[in-house]
Amino acid sequence: MKIGLIGNPNVGKSLIFSHLTGIGVEVSNYPGTTVDILSGVSCINRLPVEITDLPGIYSLDGESDEERLVRDLVTSRSFDVLVMVLDAAHLERNLYLFLQVLEHQVPMIAVLNMADEAEEQGISINTQAFSDICGVPVLLTAATIGKNLPEIIPLALEKAAIGHFQVSYDRHIEAAIRTLGRLSGADRISVLLALQGIGTDVLLLEGAATIAKEIEEEHQMPVSRILAGNRHHAATELSKQVITRAPVKESRGPDRWLLRPFPGVLIMAGVLISLLLCVFMVGSFFEELIVEGFDLFIIEPLKAAGFDPLVYELLFSFFIAIQAGLGIAFPFVFTFYLLMSVVEDTGYMSRIAFLADRIMHRFGLHGQAIIPMVLGLGCNVPAVMAIRQIGTKRERYIAAFLITMVPCSARTVIIAGIVAVFVGIYAALSIYLIIFVLILLTGIFLSRVTTGSQLGMVLEVPPLRIPSPGMVLTRAWIHIREFLVIAMPLLIVSSVILGLLGFYGILDVIELYTAPVMEGLLGLPTFASTSLLFGILRKEMAFETLVVLAGTANLTEVMTTLQLYIFALVSTLFVPCISTIAVLYREQGLKTAVLISIYTVLLGLVAGILINYVFRVM
Ligand SMILES: Nc1nc2c(ncn2[C@@H]2O[C@H](COP(=O)(O)OP(=O)(O)OP(=O)(O)O)[C@@H](O)[C@H]2O)c(=O)[nH]1
Ligand SMILES: [Mg+2]
């Protein structure tokens, strides 16, 4: 038995999915969180039911990758039952997709989620009338408080039905459906898709193309626009029959301030800077505590114990990796994700995207890349994956460049751990400023030199919500767990390898060859080149291995503050990490991945050399 969770973006599908399957997935308060398909099995009356969380889409006949993917799954009858999740607080907007799903004639139920928000906004929905009109069972839920969730699967298994409501299209379209249906035996939905050039039946497609051309000449607009208009009309009519709205108080609350350029941009800058300061301060407090404890109880006794040199090297590499990971990176990673998770859950992230969009436009940049870029602050990997949602190839290309420059949490660890701790908080903020300016310049440059079309953007701003502690912790935990189970073991292994390479003198060779650039141009100690290389594995490892190579967590013993600053700047800009390169390759192709890697290496080196030159000379 297979069930698919389908619906618009940001309606709560993933949250419902994790409730039903017990699988922790990313749930956040902005559209486009889910880009990959995830399935889980839940047992109902000892019967295994496979549930699939689909990416949110606005339409079933669009051309974005998500839309195509979901459409293919639906038309190929991959699911026995569709559970369509709708946002009860914005039902009319969601009915468009609902009517399309109905047309596919798959057994389904409608889950009207966010009942709590609808109620708060004085919206009440007559579920009985809704169900009677459409012919499918309707259930009202509120996923955040668990309301009615246990009823979803039983309802889907026992009562799912093929709806009987039909959008009545323009008479030319209805005539085409009849004619083509008669000639080819195709059903209503196949004809509708064929009229838009979608499908596999060549004969039907040919016939449909001829008729579509006539219709388009008659109406002076593409068939898809005619269909969309008819569906919107039907959605509005349907919503009038099932929704009653209590008179609302006209006040959009804090959004009056948050979404205006003034004072919105100031508030945004304030929020982002306080976020960073908080990460710097809380992180370095714990960092100091853990690092000192480690030095006192493990590193010092180890140095004093008098082991055989090779054994000592191995033990030392092992423990210093743990110190670097748990002591240095972890406090920052933890604080960062916790705070970020709070900001996300309130819905403020989307407001940042909205504002940034307006600023970007002024610079001739396009705003569609904004959501992925904001996501990139956490990790570039999902951000690059989210590029898929962007409309045109040109925009995707530009976004790929810009996203890989966005300082992710790992780079924040480097900036916080090296610059904020040893150089100063303002110096740390200045690195963000430099990166920000470089991103803007790169964006302006790319938007001038790349050709191709630019799409308009519809940015949905979800409602502000009080973050729920459970959700914030779960999401932060998903990222932190990833750090502990993937990054830590990697760090320990790399550290031991480094120790051995150092012990047998191999590092000296690498450092010998990179010395002219490292020492000569960047003014850095030669061992920094090894750290930069390890930083490609995971960004924060640049910092952690620096500690390993320096042999102490107190980096000022071996480097000057200028060197630390340059190192942090170069390693943040220098090449995306290997995982980001891998998804860039998967999503954008080899050429773009290579180009971005080379570009960022050059950018990092040039920026570092400039800073070195300017400060040495002055
Ligand atoms: N108030 C309220 N918020 C909800 C409810 N269900 C989900 N949310 C919130 O809505 C936001 C979106 O939830 P997701 O589960 O990520 O939505 P999705 O449909 O998977 O979104 P995409 O992956 O972008 O398609 C999150 O902030 C949830 O906490 C609900 O019933 N009531
Ligand atoms: Mg989702």
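Because the structure is predicted, anything quoted here is derived from the model rather than measured.

Engineer: So, the overall build of the chain: which residues are in play, and what are the values?
Structural biologist: The secondary structure content of the chain amounts to 26 helices and 8 strands. Here the chain has a C-alpha radius of gyration of 28 Å; the compact-globule value for 618 residues is 25 Å, and the two agree. Dimensions of the chain, computed from C-alpha atoms along their principal axes, come out at roughly 85 × 55 × 50 Å. Residue burial in the chain is summarised as follows: out of 618 residues, 54% are buried. A separation threshold of at least 6 residues defines the contact pool for the chain, and within that pool the share at least 24 residues apart is 74%. Surface summary for the chain: the accessible area is close to 27,200 Å², and the carbon and sulfur share equals 64%. Charge separation in the chain, taken as the distance between the mean sites of 40 positive and 53 negative side-chain charges, equals 7 Å.

Engineer: Just give me the short version of helix α8 (residues 188-195), but keep the residues and values in it.
Structural biologist: The α-helix winds at 3.6 residues per turn, so residues separated by three or four positions along the chain end up facing the same way. Of all 8 residues in α8, 7 are buried; the element is thus mostly enclosed. Turning to α8, its buried residues number three or more, namely Arg188, Ile189, Val191, Leu192, Leu193, Ala194 and Leu195. Packed against the buried residues of α8 are α2 (65-75), α3 (91-103), α7 (171-184), α9 (202-219) and α10 (223-242). At the exit of α8 stands Gly197, carrying a positive phi of roughly 80°.

Engineer: Just give me the short version of the sheet that holds strand β3 (residues 47-53), but keep the residues and values in it.
Structural biologist: Strands in a sheet are paired, the pairing made by backbone hydrogen bonds, and the direction either parallel or antiparallel. As summarised here, the arrangement of the 6 strands in space is β2-β3-β1-β4-β5-β7, forming an open sheet in which the pairing is mixed. Every interior strand has two partners, whereas the edge strands, β2 (38-44) and β7 (138-140), have only one. In this sheet, adjacent strand axes meet at a mean angle of 25° when their direction is disregarded. Where strand β1 (residues 2-7) and β3 come together, 4 bridges link them in parallel fashion. Among the inter-strand pairings, Lys2 is bridged to a residue of β3, identified as Glu50. Across the sheet, helix α5 (residues 127-134) touches β5 (108-113) and β7, and the angle it forms with β7 is around 155°.

Engineer: Just give me the short version of the environment of Gly604, but keep the residues and values in it.
Structural biologist: Considering the arrangement of structural elements, one finds Gly604 in helix α26 (residues 590-617). According to the relative accessible area criterion, Gly604 is buried, its value standing at 0%. Spatially, the C-alpha atoms of Gly604 and Ala568 are 9.9 Å apart, while their sequence positions differ by 36 residues. Not counting the four nearest positions on each side in its chain, Gly604 is found in contact with Val570, Leu573 and Phe574.

Engineer: Mind laying out the packing of helix α18 (residues 409-422) against helix α24 (residues 561-573), listing which residues take part and the relevant values?
Structural biologist: Relative to each other, α18 and α24 sit at 170°, their axes nearing to 9 Å. With respect to their mutual orientation, α18 and α24 come out roughly antiparallel. Within the contact between the two elements, α18 uses Arg411, Ile414, Ile415, Ile418, Val419 and Phe422 and α24 uses Thr561, Leu564, Tyr565, Phe567, Ala568, Ser571 and Thr572.

Engineer: Account for the environment of Ile598, with residues named and values stated.
Structural biologist: Within the secondary structure, Ile598 is located in helix α26. Looking at Ile598, the relative accessible area reads 47%, which means it is partly exposed. Once the C-alpha coordinates of Ile598 and Phe574 are considered, the two residues, 24 residues apart in sequence, prove to be 8.9 Å apart.

Engineer: Provide a residue-level description of the packing of aromatic side chains, including the pertinent values.
Structural biologist: Counted under the stated rule, the structure contains 10 aromatic pairs. Relative to Tyr337, the ring of Phe336 has its centre 5.4 Å away and its plane inclined at 85°; by these criteria the two rings are edge-to-face. For the pair formed by Phe336 and Tyr337, the shared burial category is buried. With 5.2 Å between their ring centres and 90° between their planes, Phe503 and Tyr504 make a pair best called edge-to-face. For Phe503, a relative accessible area of 34% corresponds to the partly exposed category.

Engineer: Residue-level account of a nonpolar patch on the surface, with values.
Structural biologist: Taken together, Val282, Phe285, Phe286, Leu289 and Ile290 make up a surface patch of nonpolar side chains, about 430 Å² in accessible area. Residue position: Leu289 is located in helix α12 (residues 261-304).

Engineer: Quick one: what's the story with the UniProt feature "binding site: Mg(2+) 1" (unreviewed entry) in the chain, residue by residue and with numbers?
Structural biologist: Per the UniProt annotation, the sites labelled "binding site: Mg(2+) 1" (unreviewed entry) are Gly22. For Gly22, the location among the structural elements is in the loop between α1 (13-21) and β2.

Engineer: For the state of the cysteines, give the residues involved together with the corresponding values.
Structural biologist: The term disulfide refers to a covalent linkage connecting the sulfur atoms of a pair of cysteines. Taken as a whole, this structure holds 0 disulfides when the rule is applied. With no disulfide partner, Cys278 has as its closest neighbouring cysteine sulfur the one in Cys408, 19 Å distant. According to the relative accessible area criterion, Cys408 is buried, its value standing at 8%.

Engineer: If you had to explain helix α23 (residues 540-550) to someone new, which residues and values would you point to?
Structural biologist: Burial within α23 is extensive, with 10 of its 11 residues counted as buried. Looking only at α23, the buried set comprises Glu540, Met541, Ala542, Phe543, Glu544, Thr545, Leu546, Val547, Val548 and Ala550. Along its buried surface, α23 packs onto α13 (309-346), α18, α20 (469-503), α22 (528-535) and α24. In the stretch just after α23, Gly551 is the one whose phi turns positive, near 75°.

Engineer: Before we move on, could you go through the pattern of salt bridges and cite the residues and values that matter?
Structural biologist: Using the criterion set out here, one finds 8 salt bridges in the structure. The shortest N-O distance in the salt bridge between Arg475 and Glu344 comes to 2.9 Å. With a gap of 131 residues between them, Arg475 in helix α20 and Glu344 in helix α13 connect regions that are remote in the sequence. Glu344 carries the same exposure label as Arg475, and that label is buried. Members of the salt-bridge network, linked through shared partners, are Asp61, Glu103 and Arg231.

Engineer: Give me the lowdown on the nonpolar core, citing residues and values where you can.
Structural biologist: One recurring pattern in soluble globular proteins: nonpolar side chains tend to sit buried together. Core analysis: the biggest nonpolar cluster contains 109 residues, and Ile418, Leu555 and Phe567 have the highest contact counts within it. When residues in this core are grouped by element, the largest group, 13 residues, is from α13. Ignoring anything within four residues of it in the chain, the contact list for Ile418 reads Val413, Val423, Phe543, Leu546, Leu555, Leu564, Phe567 and Ala568. One finds Ile6, Leu180, Ala212 and Ala235 within the second-largest nonpolar core, a separate group that totals 55 residues.

Engineer: I'd love a proper account of unusual backbone geometry, names of residues and values included.
Structural biologist: Here Arg77, not a glycine, exhibits a phi torsion of approximately 55°, which is positive. When you line up the elements, Arg77 lands in the loop between α2 and β4 (81-87). A residue is classified by how much of its surface remains accessible, and Arg77, at 42% relative accessible area, is partly exposed. Located in the positive-phi region is Gln220, a residue other than glycine, with phi close to 60°. As for its placement among the helices and strands, Gln220 is situated in the loop between α9 and α10.

Engineer: Residue-level account of the side chain of Asn113, with values.
Structural biologist: Mapped onto the fold, Asn113 is located in strand β5. In contact with Asn113, not counting residues within four places along its chain, are Val11, Gly12, Ile16, Val85, Leu86, Asp87, Ala88, Thr141, Ala142 and Ala143.

Procedures and definitions
Residues numbered from 1 in each chain as written. Chains lettered and ligands numbered in written order. Predicted model: local features only at pLDDT ≥ 70, side-chain atom pairs only at ≥ 80, totals over all residues. Heavy atoms only, no water. Helix = DSSP H or I, 4+ residues; strand = E, 2+ residues; numbered from the N terminus. Rg over C-alpha atoms; globule rule 2.2 N^0.38 Å. Buried < 20%, exposed > 50% of the residue type's maximum accessible area, 1.4 Å probe, protein only. Contact = heavy atoms within 4.5 Å. Areas by Shrake-Rupley, 256 points an atom, 1.4 Å probe, with all protein chains shown as cover. Lys, Arg positive; Asp, Glu negative; His and termini not counted. Charge placed at Lys NZ, Arg CZ, Asp CG, Glu CD. Pairing = 2+ DSSP bridges. Axes fitted to C-alpha atoms, helices over the stretch in contact; angles between N-to-C directions. Parallel < 35°, antiparallel > 145°, perpendicular 65-115°, else oblique. Phe/Tyr/Trp six-rings, centres within 6.5 Å; stacked < 30°, edge-to-face > 60°. Patch = residues over 30% accessible without salt bridge, like charges linked within 9 Å, V, L, I, M, F, W, Y side chains within 5 Å. Salt bridge = Lys/Arg side-chain N within 4 Å of Asp/Glu carboxyl O. UniProt positions renumbered as here; feature names shortened; annotations may be inferred. Disulfide = S-S within 2.5 Å. Core = buried A, V, L, I, M, F, W, Y, C linked by side-chain atoms within 4.5 Å.

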